[in-house]
Amino acid sequence: MGEQNHSAGKELQHWTRKEPAGKRSWHSHAYALGAVSNFMSTFLTFPIYKVVFRQQIHAVAVSEAVRQLWHEGPQYFYRGIYPPLLSKTLQGTLLFGTYDSMLCFLSPDGPHSLGNRWAAGLMSGVVEAVALSPFERVQNVLQDGRKQARFPSTFSILKEFHSYGLWGRLSQGYYRGFWPVLLRNSLGSALYFSFKDPIQNSLAEQGLPHWVPALVSGSVNGTITCLVLYPLIVLVANMQSHIGWQSMPSLWASIQDVWDTRGRKVFLIYRGGSLVILRSSVTWGLTTAIHDFLQRKYHSRKELKD
């Protein structure tokens, strides 16, 4: 077993670090694998996500957030799942696919340095932010319990955005809170991809089962990244939950509002951190493990055909 897993570690390094020149210019499978892995992990962890969102908006304890959802009834428990399911599937497509393409461009022959992984991850996060910010915006409005009566559906939110005028649709509608989103996504992707493979490769060489290195690597990276960027996550959730042309505070006013409502204490901004750790660990652990499993299957079939 030890020899088999040590060999698996070498195979993983070969797939992620080096391939012959000209072979990595375009890999459509990287986009497909990212889409499937993110779809599955998002569906499985959505209940945790919704509880965390309520904490970020209302600054309440876990028990109170759960009580609110329970009081609203099971028919509303999965309210808002379609935007994140679609956006997270697209996120996986863009995140893993763009990263793979950028990495090939920066270092076509491998091995890939930390700087290459950081730059490729940063660019994939930028693409992700530009493409998916509108989905997150709609999702955050849908999941705010205070707006269920006024905006009962996605269509009602889109109708509101389209009443703002062309520039308003972008700045106050679909791309409300874009700069914090851009900073959060680019830094988060850079951190994740910079350390995912080194951690996974190190664990794969320790004789562990195939799924353990990917699961642990994704969990550790997801946890650290979310904790570092958690203030931005809270800021985005609060900014994007606002709706109405006349009630849109500026970026600085939103930062000040979050700081004031949290009692001007850092630990209150991190209220609900335990669930953030759990959600990030489970989501990115599952995503990385599923992606690694699918990647192994793909390469195994490809080698048999060759």
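Residues numbered from 1 in each chain as written. Predicted model: local features only at pLDDT ≥ 70, side-chain atom pairs only at ≥ 80, totals over all residues. Heavy atoms only, no water.

In the nomenclature of an unreviewed UniProt entry, the chain is known as Solute carrier family 25 member 53 of Ovis ammon polii. Of the chain, the UniProt comment under Sequence similarities (unreviewed entry) reads exactly: "Belongs to the mitochondrial carrier (TC 2.A.29) family." (UniProt positions renumbered as here; feature names shortened; annotations may be inferred.)

Another point: helix H7 (residues 166–174). Taken together, the buried positions of H7 are Gly168, Gln172, Gly173 and Tyr174. For H7, the angular spread of buried residues about the axis comes to 150°, placing them on one side. Opposite its buried face, H7 presents the exposed residues Leu166 and Trp167, each directed more than 90 degrees away. (Buried < 20%, exposed > 50% of the residue type's maximum accessible area, 1.4 Å probe, protein only. Helix = DSSP H or I, 4+ residues; strand = E, 2+ residues; numbered from the N terminus. Arc of directions from axis to C-beta.)

A separate point is the confidence of the model for the chain. Of the residues in the chain, 88% reach a pLDDT of 70 or more, and the chain-wide mean stands at 83. Here helix H1 (residues 2–17) stands out as the element of the chain with the lowest mean pLDDT, 47, in contrast to helix H8 (residues 178–204), whose mean of 94 is the highest. Ignoring residues within four places in sequence, the model shows residues 1–8, a span with pLDDT below 50, making 11 contacts including any to other chains. Of the regions scoring below 50 in pLDDT, residues 16–24 engages in 24 contacts with residues more than four places distant in sequence or in other chains. (pLDDT = per-residue confidence, 0-100. Contact = heavy atoms within 4.5 Å.)

Among the surface-exposed residues, Trp179, Leu251, Trp252 and Ile255 lie close enough to one another that they form a single nonpolar patch of about 480 Å² accessible area. For the nonpolar patch, the element with the most residues is helix H10 (residues 251–261), which contributes 3 residues. (Patch = residues over 30% accessible without salt bridge, like charges linked within 9 Å, V, L, I, M, F, W, Y side chains within 5 Å. Areas by Shrake-Rupley, 256 points an atom, 1.4 Å probe, with all protein chains shown as cover. Salt bridge = Lys/Arg side-chain N within 4 Å of Asp/Glu carboxyl O.)

A few words now on H8. The end-to-end C-alpha distance of H8, which contains 27 residues, comes to 38 Å, matching closely the 39 Å that a straight helix rising 1.5 Å per residue would cover. For H8, the principal kink sits at Lys196 and spans about 30°; a proline, Pro198, occurs within the next four residues. (Expected span 1.5 Å × (residues − 1). Bend = angle between axes of the 7 residues up to and from the residue.)

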